Amino acid sequence: MATEQELTEFLKSVEKRAFKRSVYHVRNDESALDIVQDSMMKLVEHYSHKPPDELPMLFQRILSNTTLDWFRRQKTRNALFSNLSDFESESEDGEFNLLENLDSSDASTQVESAESSTQRAQIFREIELEIQELPARQREAFLMRYWEELDVAETAAAMGCSEGSVKTHCSRAVQALNKALRAKGIQL
């Protein structure tokens, strides 16, 4: 059984990554924050009696299900209301930037020219845009494997699919990203 301290530490450790993952799915900061908060509440309310080593997988599954629920609610709302512009996200200028918040402790020990910094920021923005263009399942598998650093089995359990499907989704995502970035002249 997880202690209150272990549960608190776990939630602190996953909050930023869960938020970034949710922003990629729903493309709205406020909705992503709601999804993460709801997921955390569900974990605490229903699974706080579980051992600490089970919390990461439970949370990933809850987060995935809460995100799917959000999409279902959006679909229902869009079907009920004729003025869909009320539910569109704001301008793209306010969107969350995945890679702009790199670990600043590493950057503080190195000096980078303004040109290099600008070029790196532009490449990161292109990568972020291409990740957003991936099909939902490929994007989810890619983010869980390479952003959340879950292994194949954990990703499969969180996504509710087979390990083979996770590998296929990740492979296709990497190929699509590579092709799109090469077309833009970006070699990684």
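Look up: the structure comes first, before these words.
First things first, this report covers the structure right here in the doc. Keep in mind it's a predicted model, so treat the numbers as computed, not measured. (Residues numbered from 1 in each chain as written. Predicted model: local features only at pLDDT ≥ 70, side-chain atom pairs only at ≥ 80, totals over all residues. Heavy atoms only, no water.)

## Description of the nonpolar core
Working step 1: Formed by 20 residues in total, the largest nonpolar core has its most connected members in Phe10, Val36, Met40, Leu43, Leu55, Phe59 and Leu63.
Working step 2: Looking at this core, the elements that each hand over two or more residues are helix H1 (4-26), helix H2 (29-47) and helix H3 (55-80).
Working step 3: It is H1 that contributes the most residues to this core, 8 residues altogether.
Working step 4: Excluding its chain neighbours within four sequence positions, the residues that come into contact with Leu63 are Ala18, Arg21, Ser22, Ile35, Val36 and Ser39.
Working step 5: With 11 residues, the next largest nonpolar core counts Tyr24, Leu134, Phe142 and Ala173 among its residues. (Core = buried A, V, L, I, M, F, W, Y, C linked by side-chain atoms within 4.5 Å. Buried < 20%, exposed > 50% of the residue type's maximum accessible area, 1.4 Å probe, protein only. Helix = DSSP H or I, 4+ residues; strand = E, 2+ residues; numbered from the N terminus. Contact = heavy atoms within 4.5 Å.)

## Let's talk about unusual backbone geometry
With the exception of glycine, the majority of residues adopt a negative phi angle, and the majority of peptide bonds are in the trans configuration.
Working step 1: In this model, Arg27 sits at a positive phi of 55°, which is unusual for a non-glycine residue.
Working step 2: Within the secondary structure layout, Arg27 lies in the loop between H1 and H2.

## Notes on the side chain of Arg139
Working step 1: For Arg139, the location among the structural elements is in helix H6 (residues 136-147).
Working step 2: The side chain of Arg139 sits in the buried core without any salt bridge; Glu133 is the nearest counter-charge, 7.6 Å away.
Working step 3: Looking at Arg139, its side chain comes within polar contact range of the main-chain oxygen of Tyr24, at 3.5 Å.
Working step 4: For Arg139, the residues in contact, after removing those within four places along its chain, are Tyr24, His25, Arg27, Ile131, Gln132 and Leu134. (Lys, Arg positive; Asp, Glu negative; His and termini not counted. Salt bridge = Lys/Arg side-chain N within 4 Å of Asp/Glu carboxyl O. Polar contact = N/O pair within 3.5 Å; in protein donor to acceptor, adjacent residues only side chain to side chain.)

## Quick look at the packing of H6 against helix H7 (residues 152-159)
Working step 1: Axis separation between H6 and H7 bottoms out at 10 Å; the angle between their running directions is 135°. Classified by the interaxial angle, the pair formed by H6 and H7 is oblique. Handedness of the crossing formed by H6 with H7: right-handed. Seen from H6, the contacting residues are Arg137, Glu140, Ala141, Met144 and Arg145; seen from H7, they are Val152, Thr155, Ala158 and Met159.
Working step 2: Across the contact of H6 with H7, the residue classes break down as 5 nonpolar, 1 polar and 3 charged. (Axes fitted to C-alpha atoms, helices over the stretch in contact; angles between N-to-C directions. Parallel < 35°, antiparallel > 145°, perpendicular 65-115°, else oblique. Left-handed = near helix turned anticlockwise from the far one by under 90°. Nonpolar A, V, L, I, M, F, W, Y, C, P; charged D, E, K, R; others polar.)

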